[in-house]
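In case you want the letters, here they are:
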Amino acid sequence: MRTIGNIIWFLLSGLWMAIAWAFWGLLCCITIIGIPFGIQCFKLAGFMLWPFGRTVVKDPNASSLGILGNILWFIPGLILAISHFISGVALCITIIGIPFGIQNFKFMPLALFPFGKTVVDQHSVQYAEQAYAVGQLGS
């Protein structure tokens with residue numbers, strides 16, 4: 001089911017949103033200072049292509065400079081968030097597109113504040129949550 005969702009997502013919204021993220025990544029990589037921003041954009045462009053089965057979580061190894069990165073990122077992030085909003089509204093016009101439109105709306109906060117987050121497989125998150133729950137029960 002996840003593969004079918006990813007294929008439909010790719011055709012309806014994923015390709016275009018990935019291109020937008022990659023475009024901002026290329027713009028950011030023009031300067032040395034912007035390279036960390038560009039790298040994050042490229043990671044998220046890959047996530048935009050094939051999001052189902054993966055999720056975004058807080059990066060435990062993230063530096064406190066992520067807050068500064070999110071502040072500096074606000075203008076490009078706002079443009080990407082508006083792009084996700086427009087795509088989400090367009091997809092919600094049809095019944096089949098509603099789940100994909102909602103997915104676009106979920107990406108809006110990520111577009112505004114991408115730093116300090118990482119993309120992981122959902123199975124690893126579920127495994128970590130189960131291990132944490134077992135650890136709590138044993139205490």
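So, a few notes on the structure that sits alongside this text. These numbers were taken from a predicted model, which means no experiment stands behind them.

## Observations regarding the overall build of the protein chain
- What the protein chain contains, in helices and strands, is six helices and two strands.
- The N-to-C order of helical and strand elements in the protein chain reads α-α-β-α-α-α-β-α.
- Every one of the 139 residues in the protein chain was classed for burial, and the buried ones make up 33%.
- Considering only contacts in the protein chain between residues 6 or more positions apart, those separated by 24 or more positions represent 75%.
- Just so you have it, the protein chain exposes about 8,600 Å², and 75% of that area is on carbon and sulfur atoms.

## Considering the nonpolar core
- Of all hydrophobic cores here, the largest spans 22 residues; its most connected members are W21, F47, M48, W73, L80, F107 and L110.
- Of all the elements in the fold, those that place two or more residues in this core are α1 (2–28), α2 (35–49), α4 (74–91) and α5 (98–112).
- Beyond its immediate chain neighbours, meaning those up to four positions away, L80 contacts M17, A20, W21, W24, W73 and A111.

## Observations regarding the side chain of S87
- Mapped onto the fold, S87 is located in helix α4.
- The buried category is assigned to S87, whose relative accessible area is 14%.
- If we skip the residues at most four places from it in the chain, S87 touches S13, M17 and N104.

## Some points on a nonpolar patch on the surface
- On the surface, F74, I75, L78, I79, I82, F85, I86 and V89 cluster together into a nonpolar patch covering about 710 Å² of accessible area.
- With respect to the element layout, I86 can be found in helix α4.
- For I86, a relative accessible area of 53% puts it in the exposed group.

## Thoughts on the layout of surface pockets
- In this structure, the largest pocket occupies an estimated 410 Å³ of space.
- In this structure, the largest pocket is lined by 20 residues; those nearest its centre are P36, Q40, G66, F115 and G116.
- Contributions of two or more residues to the lining of the largest pocket are made by α2, α3 (65–72) and β2 (117–121).
- Of the residues that constitute the lining of the largest pocket, the class distribution is 10 nonpolar, seven polar and three charged.
- Quantified by volume, the second largest pocket comes out at close to 240 Å³.

Basis of the calculations
- Residues numbered from 1 in each chain as written.
- Predicted model: local features only at pLDDT ≥ 70, side-chain atom pairs only at ≥ 80, totals over all residues.
- Heavy atoms only, no water.
- Helix = DSSP H or I, 4+ residues; strand = E, 2+ residues; numbered from the N terminus.
- Buried < 20%, exposed > 50% of the residue type's maximum accessible area, 1.4 Å probe, protein only.
- Contact = heavy atoms within 4.5 Å.
- Areas by Shrake-Rupley, 256 points an atom, 1.4 Å probe, with all protein chains shown as cover.
- Core = buried A, V, L, I, M, F, W, Y, C linked by side-chain atoms within 4.5 Å.
- Patch = residues over 30% accessible without salt bridge, like charges linked within 9 Å, V, L, I, M, F, W, Y side chains within 5 Å.
- Salt bridge = Lys/Arg side-chain N within 4 Å of Asp/Glu carboxyl O.
- 1 Å grid on protein atoms, 1.4 Å probe; cavity = no way out; pocket = protein on both sides within 12 Å on 5 of 7 lines; lining within 4 Å.
- Points joined across faces, edges and corners; volume = space filled by probe spheres on them.
- Nonpolar A, V, L, I, M, F, W, Y, C, P; charged D, E, K, R; others polar.

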